[in-house]
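So you can see what is in the structure, the chains are spelled out below.
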Amino acid sequence: MNAAIRNAILTIAACAFSISATAQKPPKKPAPAYHYAESAQAMQFADDLAERRGLDREWVRQAIGQARLLPQVPRLVLPPPKGTPKNWAAYRARFVEPIRIRAGVRFWQAHAEALARAEREYGVPADLIVGIIGVETLYGQQMGSLRVIDSLATLAFDFPAAHPRAAERQAFFARELEQFLTLMDRTGIDPHAPRGSYAGAMGLGQFMPSSWARYAVDFDGDGRIDLWNSPVDAIGSVAHYFVGHGWKTGMPTHYAVAFDPDPARVQLDTLLAPDILPSFSAARMAALGAVLDAEGSQHAGPLALVELQNGAAPPSYVAGTENFYAVTRYNWSSYYALAVIELGRAVAAALPASARTASRESP
């Protein structure tokens, strides 16, 4: 055997040994989960909560102590890096799309009576309720897979300091953890059982615990509130939420708006200064260079100029009413609010004519 052949065989054998050794190396064990029983801060919170709410101290300590830190959650609540362009067209396309519209039609047809009753009793349009549940969970298909107590404990005790409103948001999640455990105590549900979003939102309408406590209703009349398994309870609860946040029956959510053709007459900075808070009369908006459509120009209440950026393309604008502002109380984003509104309208437009008629005529 010449030297070249011998060296090639030795090289192949060495590589084979290396691969074999690598394959046999045991996989790395995942780091053990961190439980909040190890946190003096969390246990002190548990003791204070038990005393404040009149709950069993050991039950609260065990509930919080068995909560796990979720390392991915603090990253998810951080705002996008500065300079990240917003894009209304891209955002809209995520939600107002064929799969979600078809699912919305099925949901509306299955629960037409409850939607009509919610509209009748609360004055909240059925299409808006359908839009909320569609954007939030794709009609119950995506309600979240994380344990709610883990999400809330992580954000109450390990909220990221890099967040621009860290102290305020951490305090919010501590209150939500308190509301969650109070709700679990009252309903007798194991606090480690409920699943939800990374922020601790639950059910078809993704209610935070405080919203569940204030606005959730037993709309199906079975003697209990179940926002996970009862679409009817979810429908009534979403409608009740809007009423609690200032929904005005019969008022549109927004109007089309254009600008005076003379750029010198358009005072955009003044119009955008209040953000989405309705602050201008229709006449005042016109004087500042924002021209509403015929219906909008007759609107009696305050309005806001809502700007929706489109990346490198020119922004879109609408004139938002107090009802548009009410939709943003569900999620403080004009992009979210308009996506909800437009999804609901798209689902309504896709309903068979017979379903629309039946929904309107439901007793």
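See the structure printed just above.
Residues numbered from 1 in each chain as written. Predicted model: local features only at pLDDT ≥ 70, side-chain atom pairs only at ≥ 80, totals over all residues. Heavy atoms only, no water.

Counting across every chain of the model gives 19 aromatic pairs. Judged by centre distance (6.0 Å) and plane angle (55 degrees), the rings of F242 and W247 are tilted. Here F242 and W247 have matching classes, each one buried. Residues F259 and Y317 carry aromatic rings whose centres are separated by 4.9 Å and whose planes lie at 90 degrees to one another, so their mutual orientation is edge-to-face. (Phe/Tyr/Trp six-rings, centres within 6.5 Å; stacked < 30°, edge-to-face > 60°. Buried < 20%, exposed > 50% of the residue type's maximum accessible area, 1.4 Å probe, protein only.)

Moving on, we come to unusual backbone geometry. In this model, L138 sits at a positive phi of 50 degrees, which is unusual for a non-glycine residue. Take L138: it is sitting in the loop between α8 (126–137) and β1 (146–147). The backbone phi angle of Y139 is positive, close to 60 degrees, even though this residue is not glycine. You can see Y139 is positioned in the loop between α8 and β1. In this structure Y139 comes out as buried when scored by relative accessible area, which is 10%. (Helix = DSSP H or I, 4+ residues; strand = E, 2+ residues; numbered from the N terminus.)

Quick look at the pattern of salt bridges now. In this structure the tally under the stated criterion is 14 salt bridges. R57 is the partner of E58 in a salt bridge, and the nearest nitrogen-oxygen pair spans 3.0 Å. Looking at R57, the relative accessible area reads 42%, which means it is partly exposed. For the salt bridge of E97 with R100, the shortest nitrogen-to-oxygen distance reads 3.6 Å. With respect to burial, E97 and R100 carry one shared label: buried. (Salt bridge = Lys/Arg side-chain N within 4 Å of Asp/Glu carboxyl O.)

Here the focus is the pairing of strand β5 (residues 304–310). Consecutive side chains along a regular strand alternate between the two faces of the sheet. Among the 7 residues in β5, 5 count as buried, and that is most of the element. Note: β5 against strand β6 (residues 313–320), 6 bridges, orientation antiparallel. By the bridge assignment, A304 is partnered in β6 with G320. Hairpin connection between β5 and β6: a loop of 2 residues separates the two successive antiparallel strands, and G311 in this loop has a positive phi of roughly 65 degrees. (Pairing = 2+ DSSP bridges.)

The end-to-end C-alpha separation of helix α10 (residues 166–187) is 31 Å, in line with the 32 Å expected for 22 residues at 1.5 Å each. Trailing α10 by a residue or two, G188 shows a phi angle of about 75 degrees, which is positive. (Expected span 1.5 Å × (residues − 1).)

Looking now at the sheet that holds β5. Strand order in the open sheet formed by 4 strands is β4-β3-β6-β5, and the pairing between neighbours is antiparallel. Strands at the two margins of the open sheet, each flanked by one partner only, are β4 (290–292) and β5. If you compare each strand with its neighbour and ignore which way they point, the axes differ by 40 degrees on average. With 3 bridges connecting them, strand β3 (residues 254–259) and β4 associate as antiparallel partners. (Axes fitted to C-alpha atoms, helices over the stretch in contact; angles between N-to-C directions.)

With that settled, the discussion passes to the environment of V148. Its place among the elements puts V148 in helix α9 (residues 148–157). Counting along the chain gives 50 residues from V148 to Y198, while the straight-line C-alpha distance between them is 7.7 Å. Apart from residues lying up to four places away in sequence, V148 is in contact with F180, P194, R195, G196, G200 and M202. (Contact = heavy atoms within 4.5 Å.)

Take the packing of helix α5 (residues 88–95) against helix α17 (residues 334–350) next. In the contact formed by α5 and α17, the axes pass within 10 Å of each other and the chain directions differ by 45 degrees. Classified by the interaxial angle, the pair formed by α5 and α17 is oblique. Like other packed secondary-structure pairs, α5 and α17 cross with a definite hand, here right-handed. In contact with W88, Y91, R92 and F95 of α5, α17 contributes Y335, Y336, L338, A339, E342 and L343. Of the residues belonging to the contact of α5 with α17, the class tally is 8 nonpolar, no polar and 2 charged. (Parallel < 35°, antiparallel > 145°, perpendicular 65-115°, else oblique. Left-handed = near helix turned anticlockwise from the far one by under 90°. Nonpolar A, V, L, I, M, F, W, Y, C, P; charged D, E, K, R; others polar.)

All right, on to the environment of E178 then. Mapped onto the secondary structure, E178 falls in helix α10. By relative accessible area, E178 is classed as buried at 11%. E178 sits 126 residues away from R52 along the chain, and the two C-alpha atoms are 9.8 Å apart. Setting aside anything within four residues of it in sequence, one finds E178 in contact with L49, R52 and R53.

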